[in-house]
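Next come the chains, spelled out residue by residue.
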Amino acid sequence: MQQNTPAQTDVAPAAPGLRTLYEATLPSVFRYIYSKVGNREEAEDLTSQVYLKALRGLDETRDANAAQAWLFQVARTTIADYWRGFYRLRTGSLDDLLAAGWDSPTITGEPATDQGAATRAAQILSQLPERYREVLSYRFLLNLSLKETAARMNLTEANVKVLQFRALKKASLVVEQDTVGGES
Amino acid sequence: MTSDDQRPPENNAHLEGDDAVSELESAEQYVRAHELIESLRAERRPVRDAGSEDDARLSATAALLHAASPESESGAVDPIFAARLFARLEAEQARLSGESAPAETPTVAALTTPAEAAPPTEVTETTSGQPPRPRRVGVSRRGVLLGGLGAAAAAFAGAGVTAALEQSGKQPPATPPTSALVPEGAGIWVAVAALDAVPKGAVKRFEAGAVIGYLQHTASGFVALSGVCTHMACLLQWNSGEQTFDCPCHGGRFLTSGKAAPGALYPYPPLPAIQTKVEAEQVWVYVTGGAVNDQFPPSEATSTTRNYGATGPLDVK
């Protein structure tokens, strides 16, 4: 059959195919972004931005690994820009935040494993005092409500609010130490 | 580390013996942290306003912990989102290609050359030099089963997305996607109008297979465009006064060439072109099969929009 649009197929690169690259990279790129913002709404927004920005680069990319590395690079800068819009950040601290919980996907170019965030979270929790670890596990890992958490911990809901803040704060310092201190 | 269940934390900055952390605490911080956690649990964007570096770190840590939860099925891509984004990317890619191509080529190029002319029954079953392929690539039952994606995907990008989803996890697609609405070999020819029912200058809406589009009889022949807005997939309406295709949803407007009208709020990607041809006194379009019966000729009972020479309210001139 006739090509639908000869003028377009002339200028569009034949390889490697947007669909192939998209399918190969979307799960790991989305997971990476999700692990940075922690909610679907923002993760979908940012993922869209990343792919739309990377589209020209993808056209020229011939190799799936190279495309993946490129996408992760774009993802990092996109998240960094996004955060800079909200937070007053030192340059170095951005790198910490972007690296935390992830094994340099831009360097290896390998798809992230499903265990990326879970492993990192376990490492962080293991360094916390027991009650902190407990409240964060209930609230995040088990996804319990404030009320359920209070019941399990035999605390008031107001108690849990204080405790979860302190635990999160402490955990964030652990993240900082780990990333500043080098590979974890 | 010690802990004492009996002591309420309010009275004990030393609940966990971590005085440094609690030095500068305020009730507001408790509230903000709580709201952050609840936003993540609801998969919603948390409030992010002019925070400090500590706020950023807290937020990033919460994100990591939430992403680690097996409860939230975190990190798994929503297939509807995946389909929508892919449709946007294809449209954007088409737009980028169009930028470097001569103006107006997409729609003119969509005209089928006489060399392609063959009896319709053969056209649907053979492709020049290529092995026969399933005719219902675009909207299959399997596509529908994938979380009801069949209809959504068809609305967003015709064949491309569903085919992509069907092929995910299997072998890579045999052919790279093109910017045309229906990839070569993935569609069927459907007659949408009698030749003399669409005079020069007329615009006629059609529904064929899984595609809704507009057929135009231009000075240089028949041109067909997708009738779905490239922004959020609302159905376009023909505005005969302005000679534009208008989107009722977000103000999108497209010229008869398929390009976004100048002065539009946002320059959306152009409307994908659909192949056309004239044969046996009929105008045919090359579309994705499936949604409407794809037999030839269409029976009167199931395809009023494809009645030859039908004149609807959308016809002009």
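We now turn to the structure provided with this report. (Residues numbered from 1 in each chain as written. Chains lettered and ligands numbered in written order. Predicted model: local features only at pLDDT ≥ 70, side-chain atom pairs only at ≥ 80, totals over all residues.)

1. Observations regarding the overall build of chain B
Point 1. In terms of regular secondary structure, chain B is built from nine helices and 10 strands.
Point 2. In chain B, buried positions account for 45% of the 317 residues.
Point 3. Considering only residue pairs separated by 6 or more positions, chain B has 60% of its internal contacts joining residues 24 or more positions apart. (Helix = DSSP H or I, 4+ residues; strand = E, 2+ residues; numbered from the N terminus. Buried ≥ 20, exposed ≤ 12 C-beta atoms within 10 Å, placed from the backbone. Contact = placed C-beta atoms within 7 Å.)

2. Side note on the sheet that holds strand 3 (residues 211-218) of chain B
The strands making up a sheet associate through backbone hydrogen bonding, with each pair oriented either parallel or antiparallel.
All names here are of chain B.
Point 1. Taken together, four strands build an open sheet; the order of strands is 2-3-4-8 and the sheet is antiparallel. Here the strands that pair on one side only, and so sit at the sheet edges, are strand 2 (203-208) and strand 8 (273-274).
Point 2. Relative to strand 3, strand 2 runs antiparallel, the two being bridged by six bridges. Opposite valine 203, over in strand 3, you have glutamine 216 as the bridge partner. (Pairing = 2+ DSSP bridges.)

3. Re the sheet that holds strand 9 (residues 276-279) of chain B
All names here are of chain B.
Point 1. The strand order across the open sheet formed by three strands is 1-10-9, and the pairing between neighbours is antiparallel. Each edge of the sheet is formed by a strand with only one pairing partner; in this case those strands are strand 1 (188-194) and strand 9. Neighbouring strand axes in the sheet, compared pairwise and without regard to direction, differ in orientation by 35 degrees on average.
Point 2. By the bridge criterion, four bridges tie strand 9 to strand 10 (residues 282-287) in an arrangement that is antiparallel. Looking at the pairing, threonine 276 lines up with valine 285 of strand 10. (Axes fitted to C-alpha atoms, helices over the stretch in contact; angles between N-to-C directions.)

4. A few points about the pairing of strand 10 of chain B
Residues and elements named next belong to chain B.
Point 1. Burial runs high along strand 10: six of the six residues are buried.
Point 2. Burial of the side chains of strand 10 extends over both faces: Gln282, Trp284 and Tyr286 are buried on one face and Val283, Val285 and Val287 on the other.
Point 3. Pairing geometry for strand 1 and strand 10, over six bridges, is antiparallel. Bridged to alanine 193 within strand 10 is valine 283.
Point 4. In this antiparallel pair of consecutive strands, strand 9 and strand 10, the connection spans two residues, and alanine 280 shows a positive phi of 50 degrees.

5. Focus: helix 2 (residues 18-37) of chain A
All names here are of chain A.
Point 1. By the largest-angle criterion, threonine 25 marks the main kink of helix 2, which is about 45 degrees, and a proline, proline 27, follows within four residues.
Point 2. Judged by how many residues are buried, helix 2 sits mostly within the fold: 18 of 20 residues are covered.
Point 3. Once helix 2 ends, the next one or two residues include glycine 38, with phi positive near 75 degrees. (Bend = angle between axes of the 7 residues up to and from the residue.)

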